Amino acid sequence: ASFDGTAYYLVVAAGGSGGAERGGGAGAGGYRTNYGGTAYTLGAGITYTATVGTGGAARNVGSQGVGNPGGASSFTGSDITDITSAGGGGGGSGAGNGAAGGSGGGAYGSSFSGGAGNTPSTSPAQGFAGGNGQDGPPYHGSGGGGGASEVGEAGTTSSGGGDGGDGVSNSITGSAVTYAGGGGGGVYNSIANIGVGGAGGGGNGVVIVRISTADYDLLTNITGTYSTATTGADTVITWTATGTLVT
């Protein structure tokens, strides 16, 4: 049998971390996929690299810095257009804006702005902006982090931190899973409702490639931390840490 090379990918970057001291919610990692669209064609005898981003490190208690960004994820090779998803932006803290990223971090709860999403720009958009903060008693709500399908919710003075933006459902594995949701924003007053995270909330990234089982049986090698599963006539390879696929 000959190698056909038809492939679908899902590349999700890691989420950022929330802002310290009742800060904004973390932005989700960028989300990019061709599943449900035009397939890639992988060549024979090529090494492809799946790079998986790690989540932004949490801020230390008592610090005032913006949350840390998530790591980028990518699927690259010499004969394809490389696909890179940007890490999520950190949440704003200490009277500051959220950071830009694949999806932007939410703003600190004092009339600051959420970080821009889809940074750098991709088409379709890899993510959305974080929510704005809101200044005023009693709750001084911070904004939620942006998600893959919507902007993070703004904080409010009446009910607290904004919810994170929802992620996107994708069935590349054979089952519907929601990826790349933003984190909820914090509040000034401890009796307020804290914003909940968007569906499929942050953490480390993931790279998934789906090919026919006939092609999978012809692969030369796979490396890294990965798992495989079959769905119909296809095999799905899921990397949770960086590795390679050799055709």
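## With respect to the side chain of glutamine 126
- Structurally, glutamine 126 is set in the loop between strand E6 (83-85) and strand E7 (168-170).
- Looking at glutamine 126, its side chain comes within polar contact range of the main-chain oxygen of proline 120, at 2.8 Å.
- When sequence neighbours within four positions are dropped, the list of residues in contact with glutamine 126 reads Gly29, Gly30, Tyr31, Arg32, Thr84, Ser85, Ala86, Gly102, Asn118, Thr119, Pro120 and Ala148.

## Notes on the packing of aromatic side chains
- For the structure shown, the criterion picks out 3 aromatic pairs.
- With a centroid separation of 5.8 Å and an interplanar angle of 85°, the aromatic rings of tyrosine 8 and tyrosine 35 are classed as edge-to-face. Here the residue tyrosine 8 occupies a position in strand E1 (residues 6-12), and tyrosine 35 occupies one in the loop between strand E2 (31-33) and strand E3 (40-41), the gap between them amounting to 27 residues.

## Concerning the environment of leucine 219
- Residue position: leucine 219 is located in the loop between helix H1 (213-216) and strand E10 (221-222).
- A C-alpha to C-alpha distance of 16 Å links leucine 219 and tyrosine 8, two positions 211 residues apart in sequence.

## A few points about the environment of isoleucine 172
- Relative to the helices and strands, isoleucine 172 is located in the loop between E7 and strand E8 (177-179).
- Taking C-alpha positions, isoleucine 172 is 9.5 Å from asparagine 34, a pair spaced 138 residues apart along the chain.
- Among all residues touching isoleucine 172, those that are not within four sequence positions of it are Tyr8, Tyr9, Leu10, Tyr35, Ile208, Arg210 and Val236.

## Points about the sheet that holds strand E5 (residues 73-76)
- A sheet is described by the order of its strands in space; here 5 strands give the open sequence E6-E5-E4-E13-E10, paired in antiparallel fashion. Each edge of the sheet is formed by a strand with only one pairing partner; in this case those strands are E6 and E10.

## Some thoughts on the nonpolar core
- Of all hydrophobic cores here, the largest spans 20 residues; its most connected members are Tyr48, Phe75, Val207, Ile237 and Trp239.
- With residues up to four places along the chain from it excluded, the contact list for tryptophan 239 reads Ala50, Val52, Val206, Val207, Val209, Ile222, Thr223, Thr225, Tyr226, Thr244 and Leu245.
- Core analysis: the second largest hydrophobic core is formed by 11 residues, Tyr31, Ala148, Ala180 and Val206 among them.

## Comments concerning the confidence of the model for the protein
- Per-residue confidence for the protein gives a mean pLDDT of 91, with 93% of residues at or over 70.
- Every residue in residues 195-201 is under pLDDT 50, and counting partners more than four places away or in other chains gives 26 contacts.

## Description of unusual backbone geometry
- In this chain, threonine 119 is followed by proline 120 through a cis amide linkage whose omega measures 0°.
- Look at the link from proline 137 to proline 138: it is a cis peptide, with omega at 5°.
- Relative to the helices and strands, proline 138 is located in the loop between E6 and E7.
- Even without being a glycine, asparagine 118 presents a positive backbone phi close to 50°.

## Regarding the layout of surface pockets
- Roughly 150 Å³ of internal volume is contained in the largest pocket.
- What lines the largest pocket is Tyr9, Tyr31, Arg32, Thr33, Ser123, Pro124 and Ala125.
- In terms of residue class, the lining of the largest pocket is made up of 4 nonpolar, 2 polar and 1 charged.

## Digging into the pairing of E5
- The two faces of E5 match: Ser73 and Phe75 on one face and Ser74 and Thr76 on the other face are all buried.
- Inspection of the sheet shows strand E4 (residues 47-51) paired to E5 by 3 bridges, in the antiparallel sense. Looking at E5, one finds that threonine 51 is bridged to serine 74.
- Bridge count for E5 against E6 is 3 bridges, and the pairing is antiparallel. The residue of E6 that forms the bridge with phenylalanine 75 is isoleucine 83.
- Between E5 and E6, which pair antiparallel in sequence order, lie 6 residues.

## Regarding the side chain of threonine 238
- Residue placement: threonine 238 occurs in strand E12 (residues 234-239).
- Every residue in contact with threonine 238, bar those within four places of it in the chain, is listed here: Val206, Val207, Ile208, Thr225, Tyr226 and Ser227.

Scoring rules and cut-offs
- Residues numbered from 1 in each chain as written.
- Predicted model: local features only at pLDDT ≥ 70, side-chain atom pairs only at ≥ 80, totals over all residues.
- Heavy atoms only, no water.
- Helix = DSSP H or I, 4+ residues; strand = E, 2+ residues; numbered from the N terminus.
- Polar contact = N/O pair within 3.5 Å; in protein donor to acceptor, adjacent residues only side chain to side chain.
- Contact = heavy atoms within 4.5 Å.
- Phe/Tyr/Trp six-rings, centres within 6.5 Å; stacked < 30°, edge-to-face > 60°.
- Pairing = 2+ DSSP bridges.
- Core = buried A, V, L, I, M, F, W, Y, C linked by side-chain atoms within 4.5 Å.
- Buried < 20%, exposed > 50% of the residue type's maximum accessible area, 1.4 Å probe, protein only.
- pLDDT = per-residue confidence, 0-100.
- 1 Å grid on protein atoms, 1.4 Å probe; cavity = no way out; pocket = protein on both sides within 12 Å on 5 of 7 lines; lining within 4 Å.
- Points joined across faces, edges and corners; volume = space filled by probe spheres on them.
- Nonpolar A, V, L, I, M, F, W, Y, C, P; charged D, E, K, R; others polar.

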